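Here is how the chains run, residue by residue.
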Amino acid sequence: MAAADSVVFCSVLDGKGGGRDVDSAAPSDKAPAWTHLDFKEADARQWLLSKGVDEQVVETLVAQESRPRVLAHDDGLMTVMRGINRNAGEDPEDMVSIRIWLTADEILTVRQRKVRAAAEVHDLLLAGKGPASAAETMVMIVDRLAEGAGEFIDKLEDGVGEYEESLDERETGQARAELSAIRREVAMVRRYIAPQRAALETLSRQGAKWFSDDQLYSLRELADQFLRFVEDLDLLRERALVLQEELMNRISQEQNTRTYLFTVVATIFLPITFISGLFGMNTAGLPGLEDGRAFWIVSGVMAVTSIGIIVWLRLKRWF
């Protein structure tokens, strides 16, 4: 069968860590084969059906939205995984999906956007340092997904650490925006990392038919690694919450300081305002209208009143 438009590459494994790309997706030498598909192409679904993949499995492999999970079906194993988006110009937390259909001697991987983990394993295969079997191909892809997730979480931790150290130096509006971005990234990544751990645990339990003991052990280790990722993300979320509380306390303190200052000023000037308003009425009978000393007397009263209020506030230790 000639490779369709949806086939990104098709490789035949030599069983020693090497392989070669071929035009046919059904090699005649019966060697283990790895076919990588892009299901955005219109012929992807029909190509999978023509390979004898069950229609229910095909629907999952080409679904627009998917969550990490594992499903054993007849003589194959269907796995859906997510990886950090390491494509140029795209958000890392917008995780890319890779769907895997594994049988004893063949592996089909399906993507919608480029998955760096698959490309890296393919490069290793062509360099003679890749997987020796279809099952090992899958383990190496999952391992690369874990490596990418670990690097991204490390960057998040470094970013939160720098944020904690420089919080006092940051402008409030900028600090709130950056903190919101961190929390959004953590939430989006955790959304897929957590079920991925459960999927790997299921894979290690149900995969005895397709994986060797060493490969099952590697899958259990990867499941444990994803568990640590979940714990790290939970810790990052808690640190972000603490930072947010500290930031809100700082904002509240700034508001309280301004309110306190306005209150002190208002307390000092309120009696003066009352006196000036009282003597500024345009009504007959106001005292001092004919006395040239009246202005200075009123001004003196307002000055004494202001000084008295300031002294009283100081004695009360209100400022």
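Residues numbered from 1 in each chain as written. Predicted model: local features only at pLDDT ≥ 70, side-chain atom pairs only at ≥ 80, totals over all residues. Heavy atoms only, no water.

Some thoughts on the nonpolar core
Moving on, step 1. One finds Trp 34, Leu 102, Ile 193, Leu 200 and Phe 211 to be the most contacted residues of the largest nonpolar core, which totals 60 residues.
Moving on, step 2. Those elements that provide at least two residues to this core are strand S1 (7–13), strand S5 (76–83), strand S6 (96–102), helix H3 (116–126), helix H4 (134–166), helix H5 (172–206) and helix H6 (213–279).
Moving on, step 3. At 15 residues, H4 tops the list of elements feeding residues into this core.
Moving on, step 4. Each residue touching Leu 102, except ones within four places of it in the same chain, is listed here: Asp 75, Gly 76, Leu 77, Ile 107, Ala 134, Ala 135, Met 138, Trp 210 and Phe 211.
Moving on, step 5. In this structure, Cys 10, Leu 37, Val 53 and Trp 101 belong to the second largest nonpolar core, which totals 18 residues. (Core = buried A, V, L, I, M, F, W, Y, C linked by side-chain atoms within 4.5 Å. Buried < 20%, exposed > 50% of the residue type's maximum accessible area, 1.4 Å probe, protein only. Helix = DSSP H or I, 4+ residues; strand = E, 2+ residues; numbered from the N terminus. Contact = heavy atoms within 4.5 Å.)

Overview of the side chain of Thr 137
Moving on, step 1. With respect to the element layout, Thr 137 can be found in helix H4.
Moving on, step 2. Judged by its relative accessible area of 0%, Thr 137 falls in the buried class.
Moving on, step 3. A distance of 2.8 Å separates a polar atom in the side chain of Thr 137 from the backbone oxygen of Ser 133.
Moving on, step 4. Sequence-distant contacts of Thr 137, defined by excluding residues within four places in its chain, comprise Leu 13, Trp 34, Ile 107, Val 121 and Pro 131. (Polar contact = N/O pair within 3.5 Å; in protein donor to acceptor, adjacent residues only side chain to side chain.)

Considering empty space enclosed by the protein
With a probe scaled to a water molecule rolled over the atoms, the places where space remains empty come into view.
Moving on, step 1. In the structure shown here, the tally under the stated rule is 1 cavity of 30 Å³ or more.
Moving on, step 2. Of the pockets and cavities examined, the largest cavity occupies roughly 50 Å³.
Moving on, step 3. Lining the largest cavity, in full, are Ile 84, Arg 86, Val 96, Val 115, Arg 116, Ala 117, Arg 144, Leu 145, Gly 148 and Ala 149.
Moving on, step 4. Within the residue set of the lining of the largest cavity, elements represented by two or more residues are H3 and H4.
Moving on, step 5. When residues in the lining of the largest cavity are grouped by element, the largest group, 4 residues, is from H4. (1 Å grid on protein atoms, 1.4 Å probe; cavity = no way out; pocket = protein on both sides within 12 Å on 5 of 7 lines; lining within 4 Å. Points joined across faces, edges and corners; volume = space filled by probe spheres on them.)

A closer look at helix H7 (residues 294–315)
An α-helical turn contains 3.6 residues, so a residue and the one three or four places further along point in the same direction.
Moving on, step 1. Under the 1.5 Å per step criterion, the end-to-end length of H7 is 31 Å for 22 residues, consistent within 8% with the ideal 32 Å.
Moving on, step 2. Three or more residues of H7 are buried, namely Ala 294, Val 298, Met 302, Ser 306, Ile 309 and Leu 313. The buried residues of H7 occupy an angular sector of 110 degrees when projected down its axis, which confines them to one face. Residues Trp 296, Val 304, Ile 307, Arg 314 and Leu 315 are exposed on H7 and point more than 90 degrees away from its buried face.
Moving on, step 3. Residue Arg 317 follows H7 closely and has a positive phi angle near 55 degrees. (Expected span 1.5 Å × (residues − 1). Arc of directions from axis to C-beta.)

Points about the packing of H5 against H6
Moving on, step 1. Here H5 crosses H6 at 160 degrees, and the two axes come no closer than 8 Å. Overall, the two elements H5 and H6 adopt an arrangement that is roughly antiparallel. Handedness of the crossing formed by H5 with H6: left-handed.
Moving on, step 2. For the contact of H5 with H6, a count of residues per class yields 23 nonpolar, 4 polar and 10 charged. (Axes fitted to C-alpha atoms, helices over the stretch in contact; angles between N-to-C directions. Parallel < 35°, antiparallel > 145°, perpendicular 65-115°, else oblique. Left-handed = near helix turned anticlockwise from the far one by under 90°. Nonpolar A, V, L, I, M, F, W, Y, C, P; charged D, E, K, R; others polar.)

Brief notes about the packing of aromatic side chains
Moving on, step 1. Evaluation of the coordinates by the stated rule reveals 3 aromatic pairs.
Moving on, step 2. The interplanar angle of 85 degrees and the centroid separation of 4.9 Å between the aromatic rings of Phe 9 and Trp 34 together place this pair among those described as edge-to-face. Note that Phe 9 is positioned in strand S1 and Trp 34 in strand S3 (residues 33–38), a separation of 25 residues in sequence. A single burial state applies to Phe 9 and to Trp 34, both of which are buried.
Moving on, step 3. When the ring of Phe 295 is compared with that of Trp 296, the centres are 5.1 Å apart and the planes differ by 75 degrees; the resulting orientation is edge-to-face.
Moving on, step 4. The positively charged end of Arg 82 is found above the aromatic ring belonging to Tyr 192, 4.1 Å away from the centroid. (Phe/Tyr/Trp six-rings, centres within 6.5 Å; stacked < 30°, edge-to-face > 60°. Lys NZ or Arg CZ within 6 Å of the ring centre and 35° of its normal.)

Structural notes on the confidence of the model for the chain
Moving on, step 1. Scored by pLDDT, the chain has a mean of 86; 95% of the residues are at 70 or more.
Moving on, step 2. The spread of mean pLDDT over the elements of the chain runs between H7, the lowest at 83, and H3, the highest at 94. (pLDDT = per-residue confidence, 0-100.)

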